[in-house]
Amino acid sequence: MGKGSVQLDELISQEYRHGFYTPLDADAVPRGLSEDVIRLISAKKQEPAFMLEWRLKAFRHWLTMSEPHWATVHHPPIDYQDIVYYSAPRGKGDGPKSLAEVDPELLRTYEKLGVPLQERELLAGVAVDAVFDSVSVATTFKDKLASLGIVFCSFSEAVRDHPDLVQEYLGSVVPYTDNFFATLNSAVFSDGSFCYIPPGVRCPMELSTYFRINAKNTGQFERTLIIADRGAYVSYLEGCTAPMRDENQLHAAVVELIAREGAEIKYSTVQNWYPGDKEGKGGIYNFVTKRGDCREANSKISWTQVETGSAITWKYPSVILRGDNSVGEFHSVALTNHWQQADTGTKMIHLGRNTRSTILSKGISAGHGSNAYRGLVKVAKSAAGARNYTQCDSLLLGDRCAAHTFPYIEVKNPTARVEHEASTSRIGEDQLFYCQSRGISAEDAVSLIVSGFCKEVFKQLPMEFAVEAQKLLGVSLEGSIG
Amino acid sequence: MRETAMLEIRNLHVTVDDKPILRGLELEVHAGEVHAIMGPNGSGKSTLAHVLAGREGYVVTQGEVRYMGRDLLALAPEERAREGIFLAFQYPVEIPGVANIYLLKAALNAMRRHRGEAELDAVDFLALVKGKLRLMDMDETLLYRAVNEGFSGGEKKRNEILQMAVLEPRLAILDETDSGLDIDALKVVANGVNAMRGRERAMILVTHYQRLLDYIRPDRVHVLAQGRIALSGGPDLAQELERRGYAWVEAEARGQQAGAAGGQR
Ligand SMILES: Nc1ncnc2c1ncn2[C@@H]1O[C@H](COP(=O)(O)OP(=O)(O)OP(=O)(O)O)[C@@H](O)[C@H]1O
Ligand SMILES: [Mg+2]
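Procedures and definitions
Residues numbered from 1 in each chain as written. Chains lettered and ligands numbered in written order. Predicted model: local features only at pLDDT ≥ 70, side-chain atom pairs only at ≥ 80, totals over all residues. Heavy atoms only, no water. Near = heavy atom within 4 Å. Polar contact = N/O pair within 3.5 Å; in protein donor to acceptor, adjacent residues only side chain to side chain. Helix = DSSP H or I, 4+ residues; strand = E, 2+ residues; numbered from the N terminus. Nonpolar A, V, L, I, M, F, W, Y, C, P; charged D, E, K, R; others polar. Contact = heavy atoms within 4.5 Å. Buried area = accessible area lost by both parts, 1.4 Å probe. Salt bridge = Lys/Arg side-chain N within 4 Å of Asp/Glu carboxyl O. Donors = N, O, S within 2.8 Å, 3.2 Å for Na, K, Ca; no water. Buried < 20%, exposed > 50% of the residue type's maximum accessible area, 1.4 Å probe, protein only. UniProt positions renumbered as here; feature names shortened; annotations may be inferred. Phe/Tyr/Trp six-rings, centres within 6.5 Å; stacked < 30°, edge-to-face > 60°. Lys NZ or Arg CZ within 6 Å of the ring centre and 35° of its normal.

## Here we look at the site of ligand 1
Residues and elements named next belong to chain B.
- Around ligand 1, the surrounding shell holds 15 residues, and the nearest of these are Gly42, Lys45, Ser46, Thr47 and His208.
- Between Thr47 and ligand 1, the recorded distance is 2.5 Å, taken from a side-chain N or O atom to an oxygen atom.
- Take Gln90: an N or O atom from its side chain is 3.2 Å from an oxygen atom of ligand 1.
- Where the shell around ligand 1 is concerned, the elements lending two or more residues are β2 (19-29) and α1 (45-53).
- The element best represented in the shell around ligand 1 is α1, accounting for 3 residues.
- The class makeup of the residues in the shell around ligand 1 is 3 nonpolar, 8 polar and 4 charged.

Here you go:
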């Protein structure tokens, strides 16, 4: 028995594969946060006045707030004055016009990451808005999308070229007063992705952003805003990696989704930020606010996330089910290994009649990892006929990891139906041996068993990303078995 | 003069949780042979099967096991499997979410890689499996269900033999594959096993019942008692055991052990 967990340990303790650093000349603002820094960021980005005003309101509000400490995560205090809030690869103040303008060093970084940035690879159907530190360096397939009236660009471009859309929707789902990290983001966000799908248009390809934190001591604060107008459909994928560093880095992003009548947004995340080393040194603090608004009737928003990275993950992609008959879904795989901590889950807020939500959460803990599911299902008085189904499964590898489940349920309408199921299981030494006795290596056996555990979530991912996610799980678990 | 044995077990002592289970077991199995191992509950038959397959937690304190001229105990379980050892489990394990066919394909391709052969693609693999499915009289839908999950007892056992048929091992150890099978299923399984008998392949059948041996005629029958092979014989021994039970064998084994302890042999 004892030997089994030793094997598991080795398999789990694999090295982080995306840990390289690209030496680039960075154009950064001085360390720390003040109104001056915010004005500087806004000026560098040549933003219109409404944007600067909004940032400053957020900053002033942030000064009145304090860091939340209710999650089951632990970290040393973060010195917010020791963070560089803006860093752009030099010479790209305005963003490059084409791939040819992009620093070749940068392109090589993407190559190592396996980001399909080149147009020819994009023919496979992925349009990438790549965010390198704070400025979006390349947006591809924009022209093709533009012919359909789809806007897909960096947030900065959107502020410049589509200020009306930005002004109408920005902060309409996650107001700048929302929470400590979202408010901080509202004050200092540097870039991100923007997407607008006009009425009746089905976006013909998966849209994708690949985030990567590169520069040292740079907190990355990106902001994503996706609007699906009446009857529109879009599937969006976000992937993230960050290089290895000893110190911890803060990542406080905000994602807002708006689905209007009959529209559907599928948002998938594969998050592989640097998790820290085996001793728990370094790694990304991933404090993210993601929320979707099913603003009108018959709309649908589904979140699918595969979270294998970050030292600390703190995120609750949520859906406000405002429109009648609207549907919210949350499918999640969260893996914690070594000393990683994840406190993740969702909130489903039922306001409209006959609104439905489904929550499927799969937590995997290995090493000393700690994994908490925290979910809120709220059914307002107005939400007659609302239904929720929650299933929450935890899988433990080894005996030093932990899994917690915190379901919160508030039902104000008697016609609502809310179901919750939960299970915790340990990866079986018998399952491992069974696979091994069929010639399958211990490592492959673990990833086979784990991917079986995650299957229902992977089914929700676009095909090519399901494959990637499966590989990522395998990689993240490697070394836990010898 | 016979060629060297495929499997050679010498003076094998095994403890589980510090409890001695096997105590000086000797066994030799040659290519082409089928051996039956019988013995009372708890005598260590499954322990032997697991030790041969490399399950951890079974500590070999003495003795050696040679397989194809190599030290078997030095190999990891998956290496043993790739070298041709197959264990049909007494209690096949469920793996939720993993399609049966996926496990089979991963297993076969792991072996093929080990042998330096090209991996089979989905189409060739399916053709191969379908042929074996017919042999086992199994429903194709079982291929797409999660490994052993919700399978009936009989389906699980058939599934083990299906895996054996696909993986074509050199040495197959079948641990009570007949238990829990109805008469028809027993015949199907026996047919599957008989179809795989051959000069290059050896089999060890762990069973409690003569019934199986009516269909699969063994070359040798052994009784495991007191942690060792207490008695060996031809196919007739199984019939005698069916009539007389194990008590007399155990009594003899105890006598032998007492004698051995006294220095005699
Ligand atoms: N993990 C364990 N801890 C303690 N004892 C064990 C363990 N595993 C097996 N044993 C003991 O080892 C002995 C042999 O078990 P084994 O399963 O090999 O018997 P068997 O001959 O296969 O029996 P059956 O005919 O019932 O299948 C039994 O007494 C059993 O209780
Ligand atoms: Mg047994």
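## Section: the interface of chain B and chain A
- Across the boundary between the two partners, chain B contributes 33 residues, which contact 23 residues of chain A.
- Both faces considered, chain B and chain A share a buried interface measuring about 2200 Å² in area, 60% of it formed by carbon and sulfur atoms.
- The residue Glu160 of chain B makes a salt bridge to Arg438 of chain A at a minimum N-O spacing of 2.7 Å.
- Of all the elements in the fold, those that place two or more residues in the side of chain B that touches chain A are α1, α2 (77-82), β6 (85-88), β7 (95-99), α3 (100-114) and α6 (153-167) of chain B.
- The leading source of residues in the side of chain B that touches chain A is α3 of chain B, at 6 residues.

## Details of the side chain of Gln163 of chain B
- If you trace the backbone, Gln163 of chain B turns up in helix α6.
- Look past the residues within four positions of Gln163 of chain B in its chain and what remains in contact with it is Tyr434 and Arg438 of chain A together with Phe86, Asn100, Leu103 and Leu104 of chain B.

## Some points on the coordination of the magnesium ion (ligand 2)
Residues and elements named next belong to chain B.
- The magnesium ion (ligand 2) binds to the protein through Ser46 (OG) and Gln90 (OE1); the donor distances cover 2.0 to 2.2 Å. Here Ser46 is found in helix α1, whereas its partner Gln90 is found in the loop between β6 and β7, with 44 residues between them in sequence.
- Relative accessible area serves as the criterion here: at 15%, Gln90 is assigned to the buried category.

## A few points about the UniProt feature "domain: SUF system FeS cluster assembly SufBD N-terminal" (unreviewed entry) in chain A
- Under the feature "domain: SUF system FeS cluster assembly SufBD N-terminal" (unreviewed entry), the UniProt entry names residues 145-202 of chain A.
- The span residues 145-202 of chain A is 45% helix and 16% strand, and its two end C-alpha atoms sit 11 Å from each other.

## Here we look at the pattern of salt bridges
- Within this structure, the stated rule accounts for 32 salt bridges over all chains.
- As a salt-bridge pair, Glu296 of chain A and Arg260 of chain A come within 2.8 Å of each other at their nearest N and O atoms. Of this pair, Glu296 of chain A sits in the loop between β13 (283-294) and β14 (300-307) while Arg260 of chain A sits in the loop between β11 (254-259) and β12 (264-272); the two residues are 36 residues apart in sequence, bridging distant segments of the chain. Taken as a pair, Glu296 of chain A and Arg260 of chain A share a single burial class, namely buried.
- Asp219 of chain B serves as the salt-bridge partner of Arg197 of chain B, at 3.8 Å between the closest nitrogen and oxygen. Taken together, the residues span a long stretch of sequence, with Arg197 of chain B in the loop between α7 (183-196) and β10 (202-206) and Asp219 of chain B in the loop between α8 (210-215) and β11 (220-225) at a distance of 22 residues.
- Here Arg197 of chain B falls in the partly exposed class, since its relative accessible area comes to 29%.
- Taking the relative accessible area as the measure of exposure, Asp219 of chain B reaches 35% and is therefore partly exposed.
- Sharing partners across several salt bridges, the network here consists of Asp229, Arg230, Arg260 and Glu296 of chain A.

## Focus on the packing of aromatic side chains
- Taken as a whole and judged by the stated rule, the model has 12 aromatic pairs over all chains.
- Between Tyr236 of chain A and Tyr267 of chain A, the aromatic rings sit 5.1 Å apart at their centres with planes inclined by 25°, giving stacked as the arrangement. Taken together, the residues span a long stretch of sequence, with Tyr236 of chain A in strand β9 (residues 233-241) and Tyr267 of chain A in strand β12 at a distance of 31 residues. As far as the burial class goes, Tyr236 of chain A and Tyr267 of chain A line up, both buried.
- Relative to Phe89 of chain B, the ring of Tyr434 of chain A has its centre 4.8 Å away and its plane inclined at 75°; by these criteria the two rings are edge-to-face. Separated into two different chains, Tyr434 of chain A in helix α10 (residues 429-436) and Phe89 of chain B in the loop between β6 and β7 make up a pair that spans both.
- Tyr434 of chain A gets classed as buried once you look at its relative accessible area, which sits at 0%.
- Residue classification places Phe89 of chain B among the buried positions, given a relative accessible area of 3%.
- Feature note: the residues Phe59, Trp62, Phe180, Phe181 and Phe287 of chain A constitute an aromatic cluster, connected by ring pairs.
- Here the basic side chain of Arg202 of chain A rests over the ring of Tyr233 of chain A, its NZ or CZ set 4.0 Å away from the ring centre.
- The positively charged end of Arg223 of chain A is found above the aromatic ring belonging to Phe189 of chain A, 5.7 Å away from the centroid.

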